[in-house]
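What follows is the residue order along each chain.
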Amino acid sequence: PKWGDCWKDPRVHLHISDGAKFVRDAPDNYYDVIIQDSSDPWVVEDDGTMTPLPSSVLYEEDHICQLHRVLSPDGILNLQGES
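Here the structure is a predicted model, which is why all the values come from computation and not from measurement. (Residues numbered from 1 in each chain as written. Predicted model: local features only at pLDDT ≥ 70, side-chain atom pairs only at ≥ 80, totals over all residues. Heavy atoms only, no water.)

**Overview of the overall build of the protein**
So, step 1. When helices and strands are counted, the protein shows 2 helices and 4 strands.
So, step 2. Scaling as 2.2 N^0.38, a compact globule of 83 residues should have a C-alpha radius of gyration of about 12 Å, whereas the protein reaches 15 Å, well beyond that.
So, step 3. If one aligns the C-alpha atoms of the protein with their principal axes, the spans along those axes are about 50 × 35 × 20 Å.
So, step 4. Across the 83 residues that make up the protein, the buried fraction comes to 18%.
So, step 5. The contacts in the protein between residues at least 6 apart in sequence include a share of 58% that link residues at least 24 apart. (Helix = DSSP H or I, 4+ residues; strand = E, 2+ residues; numbered from the N terminus. Rg over C-alpha atoms; globule rule 2.2 N^0.38 Å. Buried < 20%, exposed > 50% of the residue type's maximum accessible area, 1.4 Å probe, protein only. Contact = heavy atoms within 4.5 Å.)

See below:
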């Protein structure tokens, strides 16, 4: 198999959208695997202050609980973050 072969599998769907809304709208226990590759939740400014970014919602407790809700009982959750 080659790297890109996974995209040929009809079970694989890539969703590029508002992740928090997508998960909120998803049915319970629907996904066997969730891979969330998110941007950093904040940026550190030159003066040392932290500025929240729109992706910060993907790191909040409510979103993590929503991921748990839509994951099947034996499902796998993979979270990737930078900082």
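There's more to say after this.
**Thoughts on the packing of aromatic side chains**
So, step 1. Counted according to the given criterion, the structure contains 2 aromatic pairs.
So, step 2. Here the aromatic rings of Phe 22 and Tyr 31 are separated by 6.3 Å at their centres, their planes lie at 40 degrees, and the arrangement is tilted.
So, step 3. Relative accessible area serves as the criterion here: at 29%, Phe 22 is assigned to the partly exposed category.
So, step 4. Pairing Tyr 30 with Tyr 31 gives two aromatic rings, centres 4.8 Å apart and planes at 85 degrees, and the pair type is edge-to-face.
So, step 5. Aromatic ring contacts, followed pair by pair, group Phe 22, Tyr 30 and Tyr 31 into a single cluster. (Phe/Tyr/Trp six-rings, centres within 6.5 Å; stacked < 30°, edge-to-face > 60°.)

**A few points about the side chain of Ser 55**
So, step 1. Structurally, Ser 55 can be placed in the loop between β3 (50-52) and α2 (61-70).
So, step 2. Of note is the side chain of Ser 55, whose polar atom sits 3.4 Å from the backbone oxygen of Ser 39.
So, step 3. Discounting chain neighbours no more than four positions away, the residues touching Ser 55 are Ser 39, Asp 40 and Pro 41. (Polar contact = N/O pair within 3.5 Å; in protein donor to acceptor, adjacent residues only side chain to side chain.)

**Here's the deal with a nonpolar patch on the surface**
So, step 1. A cluster of nonpolar side chains, Trp 3, Trp 7, Val 12, Leu 14 and Ile 16, forms an exposed patch at the surface whose accessible area comes to about 670 Å².
So, step 2. If you trace the backbone, Ile 16 turns up in the segment before α1 (19-24).
So, step 3. Residue classification places Ile 16 among the exposed positions, given a relative accessible area of 78%. (Patch = residues over 30% accessible without salt bridge, like charges linked within 9 Å, V, L, I, M, F, W, Y side chains within 5 Å. Areas by Shrake-Rupley, 256 points an atom, 1.4 Å probe, with all protein chains shown as cover. Salt bridge = Lys/Arg side-chain N within 4 Å of Asp/Glu carboxyl O.)

**A look at unusual backbone geometry**
So, step 1. Positive phi is not limited to glycine here, since Asn 29 has a value of about 55 degrees.
So, step 2. Inspection of the secondary structure puts Asn 29 in the loop between α1 and β1 (31-37).
So, step 3. For Asn 29, a relative accessible area of 47% gives the class partly exposed.

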